[in-house]
Every structure is written in C-alpha cells, then in structure tokens.
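# Survey of secondary and tertiary structure
Chain residues, written in single-letter form:
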Amino acid sequence: MSKKQFKAESKRLLDMMINSIYTHQEIFLRELISNASDAIDKLAYLALTDQNVGLNREDFAIDLRVDKKLGLLTVSDNGIGMSKEEMEQNLGTIAKSGSLQFKQELDKDQSDVDIIGQFGVGFYSAFMVADTVTVLSKKYGQEEAWMWQSSGAEGYTVTPCEKTTVGTEVILKLKADTEGEKYSRFLEQHQLQSLVKKYSDYIRYPIRMELEKSRRKEVPESEQSEDKAPEWETYTELSTLNSMVPVWLKAKKDVTEEEYDGFYKDKFFDYEKPLAHIPISVEGAVTYKALLYIPAKAPYDFYTKDFKKGLQLYSSGVMIMEHCEDLIPDYFRFVRGVVDTADLSLNISREMLQHNRQLSIISGNLEKKIKQELLNMQKEHREDYEKFFTAFGRQLKYGVVSDYGMHKEALQDLLLFWSAKNQKLVTLKEYVEAMPEEKKHIYFASGESNARLAQLPQYQRLQEKGFDVLFMTEDVDEFVPRTLVNYLEKDFRNLTTDDLDLSTEDEKKAAEAAAADWKDDLEFLKTALEGKIVRAEVSADLGSHPVCLVPEGGMSFEMEKYFKRMNPDMALPLEKVLRINPEHPVVQKLKGMITSDPEKAKQYAQVLYAQGLILADLPIEDAQAYTDLICGLL
Ligand code: ADP
C-alpha cells in the first residue's frame, strides 16, 4: 500500500511540529479534545432532528485512555466521525483559517515559536509528542470504518478497519523519553487531570478517564478489631475530569480575567488578548447569556469576503450555529462571542432562524451593549480605544455610509479623526467642544497623508486663524461627512471644495472689489489655460500660497481618485477652477505682465497651474512639457 503525501503547506507545519522544541507541547491535548468536542457538537445537532442517531445529550463523552506498557495515549469521542474522504481532506491538509493565519504570522517572524501555544494549531500538534498517530473513525450513517496513520512528514496511509461505534479515536504512540523531555508524563493520571482542568475545563461534554483511586478496604464485622490498622485498596473508577460549565454560563464574579482571555484565545484562534470582554446575562422577554469580545487586532482577512462574521449560537448546550450572522449588525462584525439561549425551539432549522423574533430581540440588545462598551472604552481606556479604532474604525465608517446613512446616529460618536491642531485622534464631540462657540463649521480635508494635507493652502489659512481641521486619509473617510451632513448642528466643510466662511464683512467687500479689478486678468488666465481649467477666480483663503486648484461641482479630487480606482472606465475627470491669491507678490507680478508681456504671462500661468496640481496631489499631465517650460524660464 502506497503512502500519500501531505500537501506542501501542511508538510511545513508538520515539520515544525515534529521538530518543535516548544515547551508548551502539552497543548496537543487541548487541540485533540477540542476537535472531539466539535465532532460531538455536529452529531448532537443532528440528533435534534434525526431520531436515528439514537443518542441523547447525556450520552456524549470524550474518553482518555492510557496504556503505559505500550506508551499509548488515546483520545476518543462518539461524535460525527470521518469518512475516508474526510480523513484525507482534513488530516492531509491544513484547512482551518486559524492554522493558515498561524502560518502567515510565522512567515513574518520565524523565530517567534511561542505563538504555537496561542493558536489553534490543531491536529498536527499531536506530532509534537508522538512518533506515530493513528486515527480510527466511523462516520455517522456509514457502514465502513477507516484508519489513518502517519509517522510524520513522509506521508500517511488510509486503510479500512474494524470499529463498531460511530466516532473517532486518536491514538498517540508517544515519543521515547530523552534526557531533556519526558514524554511519558502524558501517561500520568495527575498530569492528564491537570491539563484537562487547565485547558479544557469548559468543554461541555464530559472528558472521562479511568482514575486510580484508593479506599479503605471493607472488612467483615467478625474480623474487625480495635488494634488492627485500617487496610487500603486501590480501584479504578470512570471519572469526569472537567467541570463542563462553559465560561459564558458562569457568574461574572467566578471568572478571572485570565480565564476570560484564555477562553477567547482558544475559541477564536487569536494569540493576542482581547481589548474587552462583555459578559451578558438577561432574563425577561427572552432569556439568554452571552459572552462577547472586542479583539485587539483585525484578522488578516477581516476586510475581505472570506471573513465570516457572526456569533456562536447555542441552545440548551447544543451548538446550533458556528457563525450566526443575524446576531450582529455588519458594522460590529469584528465582535466575537457566544450566545446561549434556551428560548429557541431546538429543532428549528438554520434557515428559519433568520426570521426568528427572539433572535432579533437578542441582537438588538447586544448591539446596545457593544456600543456602550465601546463608549466606555473610549472614555476610560483611550489607548485601548485607539488601538481598537485603528483595527476596526474603517468598518465603523463603512457602517455610517452604508444603507443610505441609516445607522449614522448610532455610530457617529464612535468615530475618531485626526485633529491637525492637536496632532491626535479626536471624536467629533471633542472637536465641537473645542471650537469657538460662534463657529458653525467642522472643517475637514481628505487626501493621501497627513503630511500632504498639512501643505494645503486652505489648511494654512485656517491654521493662521487658529481653527482645527480633521484630516482624513482613508478611502471611505470623505463619504462620512457627506453622510453625516452635520454634527451637533455644525455642518461639515471640505477644505478643498467648500466655502470656508472665514472672511469678515469688510474682507468680503474687499474681495469683491479685487474681483472687479481682476476681471480681465481672470479671463486672460482662462484662455491661457484653455482645456485645463473652466474658470479662474480670486480667493482670500490661500494664506501664503499664490494659487490653488479646486474641483468644480462639489465633488473632491479625492473622491475622483477613489471612483477611478473603483472603476477606471467610468470615472469622469473633474473640472478644475484656478484660485489665485491677489495679495501674493508673484500673482501681482503676473498681473503686470499680462499687459506688458502677454506671451510670458501665458508661461507663468502654466507654471502656477502646475503648482496647483502639485498642491492638490494631482499628477502633472505632461511632465516633459512642464520641465521644458521651467528650463526655458530659467
Ligand atoms: P481544526 O479543528 O482547527 O479545523 P484540525 O487540524 O485540528 O483543524 O482538524 C482538521 C479537521 O479534521 C477538523 O476540522 C475536522 O473536520 C477533522 N477532525 C479532526 N478531529 C476530528 C474528530 N475527532 N472527529 C471528527 N473530525 C475530526
């Protein structure tokens, strides 16, 4: 019988496991037990609707067995089992995202072996402690049973075998003890007991083992006497090692921070501890318990279609659904957690759940709790909140602009933006509270980077006046003020497109006069820059800059770029307006030149136009012509 090869990436992970010098080898047991528990979950779920399963909730168990003579440790379950194909698929490949993510992290930093202990590295971790791994399995509903066997990286075999009961048995032939490593410790009862307590206590099925115990020997009454020392005998008894109470069902006061964090890492395959946990216990119209987490970091696939949002849904101890999407609104899709309610009818189909009234009550409650928790964090633990926002702020902003702004009220106070004045992230509320009462506008600018935005002429003008500006550098950003329109009765003003409302009445009058004075020159510029601008106008908002370019029609250049990225064919270039600063010496010089040397004035106009492009972070359309022009002038 020929050996089959592992898939390439699996082989790499496997190699790592085999050669692991990792000190937390013990987590292999947690991984095998967790797989057994998942397999039981699946059959328990089937049993709700399928009489033929013939097992009740109480019949499910995970059994540990040791054979000290042969050095074998066996983890068996009466879960769903695996078919031949599933064995090949599941045990020959790394399927799960947790493992893949783990692999990616490793690629980043090969040396950090410690993360092995934090991850769901799964089945392969068995090879950290075992020479040979044998898996016997019989899938529910199938006649034949199969044996998968591997002694490491050179491959595996799958052959038919005898197994009467449905479920899976994983048999580890432990490595021989060495000077530094005592693998045989995993055959010791107290060691296994304490590992189960440590890592798998909350598993909701009994993890059982024949424990050696001792008791006082029963002595017939006739033989009893005062001066005879009591005799002891040993016996074995099938005992349950775990308390089986999942963390989310325990009272808050009975759970330590470490337990909450540990549960999260195990269950959701994160190696970083969460920023917050939210234990929830509700009795009323719907009775349920929930345990939610705010992760510290976005999973690598978070902003892709691959990411699966949703909470785990349990009903009376049976997992109904791994990712129940309806429990969580899209903008909070980063939240991980578990919901457990007895109020759902157990044989409800997964499709029916979607329109379930109880579920929608729960999800409404959860949404409020999550928001409250985030606001608390924003107030009490600002650093954590900024970390959170760096990871998931984009999702919240998408939430604001999605569904025609339906959720903007709910989300606006959770947003943070970069305050140019304070050089830190601020909430909209903080921005408004810091502005002079009579001011009516929230100023913002969007562009590639804070450094670029700080160079905007309009920004410099506002800076001179002492006003703050929110800098927006993510693609979704500019749509946020557009959707919000205003906040606490202050409207949003885009630095590059909107009237900044900075001038006093006198200044306005002066500007009008200037405009009249410049009328012919503006026409000249328009003609000189034919095809490039639609108009030239005088502006008092340019600070120390001679010119700037603004888009005509309310849309910003940043949006134009965004749409162009989305759909290059559809994007129409925005028409541009050249604004000039009549106070600027260069501009004044240009004015004189328009009458004295119009040919040269045309060239100056080209140069100033190019400056406008640069400041607006737009490409120079014809770089060759531009450099020729400059060289000519020099
Ligand atoms: P993960 O459990 O994280 O998906 P593993 O490498 O631990 O990754 O396991 C791979 C797959 O093998 C599981 O997803 C499951 O489909 C299958 N599997 C592992 N152990 C068992 C078991 N005891 N019973 C049934 N299927 C199992």
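It should be emphasised that the depicted structure is a prediction, and the values quoted were computed from it without experimental measurement. (Residues numbered from 1 in each chain as written. Predicted model: local features only at pLDDT ≥ 70, side-chain atom pairs only at ≥ 80, totals over all residues. Heavy atoms only, no water.)

Okay, the packing of helix α15 (residues 505-528) against helix α18 (residues 598-615) next. Packing of α15 against α18 leaves a shortest axis separation of 10 Å and a crossing angle of 70°. For the element pair α15 / α18, the angle class is roughly perpendicular. In this structure, α15 uses Phe 524, Leu 525 and Ala 528 to contact α18, whose residues at the interface are Pro 598, Ala 601, Lys 602, Ala 605 and Gln 606. In the contact of α15 with α18, the residues fall into six nonpolar, one polar and one charged. (Axes fitted to C-alpha atoms, helices over the stretch in contact; angles between N-to-C directions. Helix = DSSP H or I, 4+ residues; strand = E, 2+ residues; numbered from the N terminus. Parallel < 35°, antiparallel > 145°, perpendicular 65-115°, else oblique. Contact = heavy atoms within 4.5 Å. Nonpolar A, V, L, I, M, F, W, Y, C, P; charged D, E, K, R; others polar.)

This brings us to the packing of aromatic side chains. Applying the stated criterion across every chain, the model contains 25 aromatic pairs. With a centroid separation of 5.8 Å and 40° between ring planes, the pair formed by Tyr 264 and Phe 268 is classed as tilted. One end of the pair is Tyr 264 and the other is Phe 268, both in helix α6 (residues 257-268) and four residues apart, which spans about a single turn. Geometry around Tyr 235 places Arg 215 over its ring, the cationic atom sitting 4.0 Å from the centre. (Phe/Tyr/Trp six-rings, centres within 6.5 Å; stacked < 30°, edge-to-face > 60°. Lys NZ or Arg CZ within 6 Å of the ring centre and 35° of its normal.)

With respect to the helices and strands, Arg 65 occurs in strand β1 (residues 62-67). The partly exposed category is assigned to Arg 65, whose relative accessible area is 39%. With sequence-adjacent residues up to four places away left out, Arg 65 is seen in contact with Leu 72, Leu 73, Thr 74, Ser 76 and Glu 169. One polar contact links Arg 65 to Glu 169, side chain to side chain, over a distance of 3.3 Å. (Buried < 20%, exposed > 50% of the residue type's maximum accessible area, 1.4 Å probe, protein only. Polar contact = N/O pair within 3.5 Å; in protein donor to acceptor, adjacent residues only side chain to side chain.)

The next thing to look at is the nonpolar core. Core analysis: the biggest nonpolar cluster contains 135 residues, and Trp 148, Leu 172, Phe 332 and Phe 388 have the highest contact counts within it. Broken down by element, this core gets its largest block of residues, 11 residues, from helix α2 (residues 27-49). The residues touching Phe 388, leaving out its near neighbours within four places in the chain, are Leu 275, Ile 294, Phe 334, Leu 374, Met 377, Gly 393 and Leu 396. Within the second largest apolar cluster, 27 residues are counted, among which are Leu 525, Leu 529, Val 538 and Leu 574. (Core = buried A, V, L, I, M, F, W, Y, C linked by side-chain atoms within 4.5 Å.)

What follows concerns the pattern of salt bridges. Counted by the stated rule, this structure contains 32 salt bridges. Between Asp 477 and Lys 397 there is a salt bridge whose closest N-O contact spans 2.7 Å. Remark: Lys 397 occurs in helix α9 (residues 382-401) and Asp 477 occurs in the loop between β17 (470-472) and α14 (479-484); sequence separation between them is 80 residues. Judged by relative accessible area, which is 5%, Lys 397 ranks as buried. Between Glu 558 and Lys 561 there is a salt bridge, and its shortest N-O distance comes to 2.8 Å. Here Glu 558 and its partner Lys 561 are both found in helix α16 (residues 557-566), three residues apart, which amounts to about one turn of the helix. One exposure class covers both Glu 558 and Lys 561, and it is buried. Shared partners join several salt bridges into a network, and the residues in it are Arg 535, Glu 537, Glu 552 and Arg 579. (Salt bridge = Lys/Arg side-chain N within 4 Å of Asp/Glu carboxyl O.)

A few words on the sheet that holds strand β10 (residues 288-294). If you walk across this open sheet you meet the five strands as β9-β10-β13-β11-β12, and the pairing is mixed. Only two strands of the sheet have a single neighbouring strand rather than two, namely β9 (276-282) and β12 (318-324). This sheet shows a mean twist of 15° between the axes of neighbouring strands, independent of strand direction. Bridge count for strand β11 (residues 311-315) against β12 is four bridges, and the pairing is antiparallel. Opposite Ser 315, over in β12, you have Val 318 as the bridge partner. (Pairing = 2+ DSSP bridges.)

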